[in-house]
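Each chain is listed here by its residues.
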Amino acid sequence: MAAYRTVPEFPDDFAFGVAAAAYQIEGAVAEGGRGRSIWDEFCAVPGAIARGETGEIAVDHYHRYRDDVRLMRDLGIDSYRLSVSWSRIQPDGSGAVNAAGLDFYDRLVDELCSAGISPAVTLFHWDLPQALQDGGGWLNRETSFRLAEYTAIVGERLGDRVGMWMPLNEPVVHTLYGHALGVHAPGLSLGFGALQAAHHQLLGHGLSVQALRAVGCGNIGIASNHAPVHPASDAEADSLAADIYDHIVNWTFADPILLGKYPAAELSALLTGPIDDDLAVIAQPLDWFGINYYEPTRISAPQAGEGTAGVLEVDLPPGMPFAPVPFEGVETTDFGWPIVPDGLREILTIFRDRFGSALPPIYITESGCSFHDPDPDSGGRVRDERRIAYHADHLVAVREAMDAGVDVRGYFVWSILDNFEWAAGYRERFGLVHVDYRTLKRTPKDSYHWLRNVLAARRETQVR
Ligand code: IFM
């Protein structure tokens, strides 16, 4: 077996977790009174998803959650980050509550607690009820209030057992891919017009933080995607383009929450509504801030006639003031994403420097890689050395950031299981556990066994 970097020591209360999301794993889309979500509709659009795949069955976690929790218990993790499907709780996105939906998460949360695993709950991981989309979705300010209403329902029911709450997952990705570029649900291609959807998600975040606190829930944060942006060269035009991109993908989403303002007047000028009042709501104090990190971005000034496919897996509309370009000489995952563990250390220290005392403790709420792992061999083994190296290297990067003074409290692996990777379908495998999509059989990969050993060794040193 290849040699991996040794996972450094972390404080005893540093949390190790795994993460997943409802539409990517649950399946059972027409069961238990669940309503339609924008992902059900988007998957039905010809050509929207690779090979026409859908989350209809996914990995059938809805029926197999007990087996999946057993896998997590045996792995020895402290916490499982799950998302609740809004359409299971309120099939129409507002009003009537579907008792069977709440009961499902109640059972899941109980199962986790019995296994000694603390549930970390995301309320909105991109699967908006279709009924709300029909009313304008995130372009309609009302949706922010509906998120808070639904959040309060879930908070009241599960709040006595949930360890961490996060109203939103990656508003930047939902905004860019779902509303600016049209490659995720709801499939809108609004360019900069998508910023209004970002603003309303952020407002929904703030209102939901208030709603959670009002029903007695604490330990609230967000899972937000962030990464360093590198200019392609020293040229002034590249630096300017990188700076614009950085403002859009990083600071438009972090500054309102942590500083109560947008990072540039040019961006907030594109928004309508009572922005200053909303910002006061968005900037609710948080107990922690979650960073999902995958890959840094390299940006150049747009070149005339140059396509920008590749790094974003999609062409940008013409006229964008930046162009993502590939990193040179850097290994990639099988999804084509550059593997740059130091980017995690870098973004953590950027956060420390930008936000200073306004920054609460940080969790890495997602870190992971897709490799096209082979099926289990005749001995039932899935060899995924590159995933082990990936996580070992990223944990080293986290430790380096902590040594540089960043207060990081935990690391969640994306993902426990192979699952439905949105528009890319099932080919991209992020899991520590292999799923055979014909039989739905779960097989722990070498990376699962590696992490289990790391966590077991850690417990050993803790009891001494
Ligand atoms: O699968 C996604 C997840 O839903 C959100 N964060 C990134 C993951 C990998 O693309």
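Residues numbered from 1 in each chain as written. Predicted model: local features only at pLDDT ≥ 70, side-chain atom pairs only at ≥ 80, totals over all residues. Heavy atoms only, no water.

**So, the environment of Val-183**
Worth spelling out the cut-off: Note on conventions: DSSP H or I runs of at least 4 residues are helices, E runs of at least 2 residues are strands, and numbering of each starts at the N terminus. Think of it in three bands: with a 1.4 Å probe and only protein chains considered, a residue is buried below 20% of the maximum accessible area for its type, exposed above 50%, and partly exposed in between.
Secondary-structure assignment places Val-183 in the loop between α8 (171-180) and α9 (195-214). Relative accessible area serves as the criterion here: at 23%, Val-183 is assigned to the partly exposed category. In this structure the C-alpha to C-alpha distance between Val-183 and His-394, which are 211 residues apart in sequence, comes to 28 Å.

**Remarks on the site of the ligand**
For the record, the criterion: Proximity criterion: a residue is near a molecule or strand once any of its heavy atoms comes within 4 Å of it. The term polar contact refers here to a pair of N or O atoms within 3.5 Å; inside protein, the definition further demands a hydrogen-donor-capable atom paired with an acceptor-capable atom, and it admits residues adjacent in sequence only when both atoms are side-chain atoms. Residues are grouped as follows: Ala, Val, Leu, Ile, Met, Phe, Trp, Tyr, Cys and Pro are nonpolar; Asp, Glu, Lys and Arg are charged; all remaining types, including Gly, are polar.
Lining the immediate surroundings of the ligand are Gln-24, His-125, Trp-126, Asn-169, Glu-170, Tyr-294, Trp-337, Glu-366, Trp-414, Glu-421, Trp-422 and Phe-430. In this structure, an oxygen atom belonging to the ligand sits 3.3 Å away from a side-chain N or O atom of Trp-414. Here an oxygen atom of the ligand and a side-chain polar atom of Glu-421 are 2.6 Å apart. The class makeup of the residues in the shell around the ligand is 6 nonpolar, 3 polar and 3 charged.

**Here we look at the layout of surface pockets**
Our working rule: A cavity here means a set of 1 Å grid points, computed over protein atoms only, where a 1.4 Å probe fits but cannot escape. A pocket is an open set with protein on both sides within 12 Å along at least 5 of 7 lines, and lining residues have an atom within 4 Å of a point. Grid points are joined across faces, edges and corners, and a volume is the space filled by probe spheres set on the points.
Empty space within the second largest pocket amounts to approximately 260 Å³. Looking at the second largest pocket, it is lined by 13 residues, and the ones nearest its centre are Pro-8, Glu-9, Phe-10, Arg-458 and Thr-461.

**Examining the pattern of salt bridges**
This is how the line gets drawn: Each salt bridge in this description consists of a side-chain nitrogen of Lys or Arg and a carboxyl oxygen of Asp or Glu lying within 4 Å of one another.
A full pass over the atoms with the stated rule returns 34 salt bridges. Its salt-bridge partner being Asp-278, residue Arg-141 comes within 2.5 Å of it at the nearest N-O pair. One end of the pair, Arg-141, is in the loop between α6 (130-134) and α7 (142-158); the other, Asp-278, is in helix α12 (residues 275-282), and 137 residues separate them in sequence. On the basis of relative accessible area, Arg-141 is assigned to the partly exposed category, the value being 28%. Among the salt bridges present, the one from Arg-161 reaches Asp-160, with a minimum N-O distance of 2.9 Å. When its relative accessible area of 19% is taken as the criterion, Arg-161 is described as buried. Using a relative accessible area of 62% as the deciding quantity, one classes Asp-160 as exposed. Connected through salt bridges with shared partners, the residues Asp-103, Asp-106, Asp-110, Arg-157, Asp-160 and Arg-161 form a single ionic network.

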